[in-house]
Amino acid sequence: MNGAMDISGLTVQRSGSVVVQDLDLSLGNGEWLGLIGPNGAGKTSVLEAIAGLVASTGRIDIGDEAIASMSSRERARRVALVPQNPVIPAGMTVIDYVMLGRTPYLTRLGVESTEDVVAANIAICDLDLADHATTPVDRLSGGERQRVVIARALAQASPVLLLDEPTSALDVGVRMEVLDHIDAIRRSCGLTVISAVHDLTLAAQFCDRLVMLSGGSIVAQGSAEGVLTADTIRRHYGARVRVISDGDGLIVIPIRTGDSREAGGSGRMASHR
Amino acid sequence: MTAIPTRLATPTRLSWFSVGVVAILVAAALVTGALLGPADIGVSQILGEVLSRIPGLGVESELTEIQRDILWSWRFPRVVLGMMVGGTLALSGAAYQGVFRNPLADPYLLGIAAGAALGATLAIVTGLPAALLVPSAFVGGVGAVVATFALGRTMGDRSATTLILAGVAIASFLTAATTFVQQRNSESLREVFAWILGRLSTSGWTEVALLAPYAVVSTLVMLRYRRTLDMLAVGDDEAASLGVDVNRVRTVVVLAATAGTAAAVAVSGLIAFVGIIVPHAVRLFVGTSYRVVLPLSLLSGAGFLVAADIAARGLMSPAELPIGVVTSFLGAPFFVLVLRTSRRNL
């Protein structure tokens, strides 16, 4: 299934306020697009609009089909979402949790086929979780849990994977491990990935292309080198950074300014006080 | 990098072993319930009587006409009704817990039983035909669950504690309304009280026939959605992203559970805590998947209420305790236990 995506004129309102305005985006099949931007920029709203979780206007096409014309089951076969704070039901085993990803393929009576069980097991193996298949998810470590959530999304076998800050709660080692897993699977399966990312260095290292949102609109897009400049980050994040480019990619280092030391915070925070 | 699993892990499924164990316990409760009573009728006599009713077997019953009448007019309808009411209440409790993702959801704590009781009381005092007793209870139950959730929402959060407090408030109001209706219709007071205190002791095949269609339909609907309840466990947004029509599922399951509860309340009166005790006990043995919890709650609830009825008949023999007293004695401490163990989720 083709994961190429076209978004045109996407607008999302929440509680009467426009949080995403007239957004246009195109993604090629197998591309990894990183959505970056300060808090409240509209990153999560874009992902939720694609997943059909919030009302939106505009048009979103996956392959050549508009998702507005799809049933919720059909849409779930094309788009899988890894939320920022997934709910882990107490006592649910890894295999039962990953099987939830096969929901859009079950019969109307909720019966699973052997193919569904095999697909869930493959996703579990892909994320190196085979030894934990019958363990309750809530007994696993943070990194293992996050891999279980990604395995559920992979079991959905959809061509588009949406990641909402998938590693924000993990330490740097586990974070790299999880993102490396996603990247390897993306390359082998031709998955199209859109991820909201706070860590700009990781965004630069893993994403093919970056889109910076601010106030619900695109303010910069392109390669990491083109988007992640000290000036753009200062303007939209209100932070001073040093951007270093070496053989391992782009590295964004925040710099504590004299002003923020004295005031005990950044300029953006200070402006809210 | 697709890896090939060397051994397939299988999702949680209902095992024949667990069904067999529960079925044996239910059968033991049924037989004990049928044996209990002043008239001395043995197991072999009961078995012979049942087999004699099956054409073609040629088995002769050893019972006298009076014994036969006691068995078919008193003991059998009592255990059958207990089984149906217990199964329906336990299944409904488990379904409410799944659909509201709340371990304390229960037909009584959410005010549904009080709403059904008000509906049934109004039907009795206004002299509606018996066939309208259950529909009246259903309307009262639906009204109560809607009021509980509307009140819970206005309190600003969706925690279990808020929901229970809203349920307690609605149940108190509806119970007061029921009492007011009873006081205003003293000529029907005896009939209403007899019903409220539990009717297993005076029940017959009429009550079984009244409950049966509602119990069967609501049971089939709830069991149909047992896997979907596992999906709802990850939250509305995640379930929706998996392709589940959350609002439709919630509406259908709540209506089915409320219809079952209302019908059970209409024929048996107020029997509390079955919907909490049984599903939580089942979870202790077989885990949390609703695919297993729902069918086993149905079976276990059937056996539990028959056993509670046996206790109600035997504890202060020859006098009988109302069955609701027995379930409340067991349920209140159980509720505290569940509340303590689920505090971190509230």
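Residues numbered from 1 in each chain as written. Chains lettered and ligands numbered in written order. Predicted model: local features only at pLDDT ≥ 70, side-chain atom pairs only at ≥ 80, totals over all residues. Heavy atoms only, no water.

1. Let's talk about the sheet that holds strand S7 (residues 160-164) of chain A
Residues and elements named next belong to chain A.
Part 1 of the reasoning: On the basis of which strands lie adjacent, the open sheet formed by six strands has the order S6-S7-S8-S3-S9-S10 and mixed pairing. On the outer flanks of this sheet lie strand S6 (79-82) and strand S10 (217-222), each paired with one strand and no other. Neighbour-to-neighbour, the strand axes of this sheet turn through a mean angle of 20°, independent of strand direction.
Part 2 of the reasoning: By the bridge criterion, four bridges tie strand S3 (residues 32-36) to strand S9 (residues 209-214) in an arrangement that is parallel. Bridging from a neighbouring strand, Gly 34 pairs with Leu 210 of S9.
Part 3 of the reasoning: Against the sheet, helix H1 (residues 43-50) engages S3, S6, S7, strand S8 (192-196) and S9, with an angle of about 150° to S7.
Part 4 of the reasoning: Against the sheet, helix H5 (residues 142-155) engages S6 and S7, with an angle of about 170° to S6. (Pairing = 2+ DSSP bridges. Helix = DSSP H or I, 4+ residues; strand = E, 2+ residues; numbered from the N terminus. Axes fitted to C-alpha atoms, helices over the stretch in contact; angles between N-to-C directions. Contact = heavy atoms within 4.5 Å.)

2. A short note on a nonpolar patch on the surface
Part 1 of the reasoning: Among the surface-exposed residues, B:Phe17, B:Val21 and B:Leu25 lie close enough to one another that they form a single nonpolar patch of about 340 Å² accessible area.
Part 2 of the reasoning: For B:Phe17, the position within the fold is in helix H1 (residues 16-35). (Patch = residues over 30% accessible without salt bridge, like charges linked within 9 Å, V, L, I, M, F, W, Y side chains within 5 Å. Areas by Shrake-Rupley, 256 points an atom, 1.4 Å probe, with all protein chains shown as cover. Salt bridge = Lys/Arg side-chain N within 4 Å of Asp/Glu carboxyl O.)

3. Some points on the packing of aromatic side chains
Residues and elements named next belong to chain B.
Part 1 of the reasoning: Taken as a whole, this structure holds four aromatic pairs over all chains when the rule is applied.
Part 2 of the reasoning: Relative to Phe 100, the ring of Tyr 96 lies with its centre 6.2 Å away and its plane at 5°, an arrangement referred to as stacked. Across the pair, exposure class does not vary: Tyr 96 and Phe 100 are buried alike.
Part 3 of the reasoning: Aromatic pair Phe 100 and Phe 149: ring centres 4.0 Å apart, planes at 25°, arrangement stacked. In this pair, Phe 100 is assigned in the loop between helix H3 (65-99) and helix H4 (112-125) and Phe 149 in helix H5 (residues 133-154), connecting sequence segments 49 residues apart. In this pair, the class of Phe 100 matches that of Phe 149, namely buried. (Phe/Tyr/Trp six-rings, centres within 6.5 Å; stacked < 30°, edge-to-face > 60°. Buried < 20%, exposed > 50% of the residue type's maximum accessible area, 1.4 Å probe, protein only.)

4. Brief notes about the side chain of B:Thr327
Part 1 of the reasoning: You can see B:Thr327 is positioned in helix H14 (residues 323-341).
Part 2 of the reasoning: Sequence-distant contacts of B:Thr327, that is, excluding residues within four places in its chain, are made with B:Ile271, B:Ala272, B:Phe273, B:Val274, B:Ile277, B:Phe304, B:Leu305 and B:Ala308.

5. Quick word on the interface of chain B and chain A
One frequent convention defines the size of an interface as the accessible area lost when the parts assemble.
Part 1 of the reasoning: Taken together, the contact between chain B and chain A spans 27 residues of the former and 42 residues of the latter.
Part 2 of the reasoning: Summed over both partners, the interface of chain B with chain A buries about 2900 Å², with 59% contributed by carbon and sulfur atoms.
Part 3 of the reasoning: Inspection of the region where chain B meets chain A yields five salt bridges.
Part 4 of the reasoning: Residue B:Arg13 pairs with A:Glu112 through a salt bridge whose shortest N-O separation is 3.3 Å.
Part 5 of the reasoning: Here chain B is connected to chain A by 10 residue pairs in polar contact (both at pLDDT 80 or more).
Part 6 of the reasoning: Of all elements in the fold, only helix H9 (226-232) and helix H10 (236-241) of chain B reach the threshold of two or more residues within the side of chain B that touches chain A.
Part 7 of the reasoning: Residue contributions to the side of chain B that touches chain A peak at four residues, all from H10(B). (Buried area = accessible area lost by both parts, 1.4 Å probe. Polar contact = N/O pair within 3.5 Å; in protein donor to acceptor, adjacent residues only side chain to side chain.)

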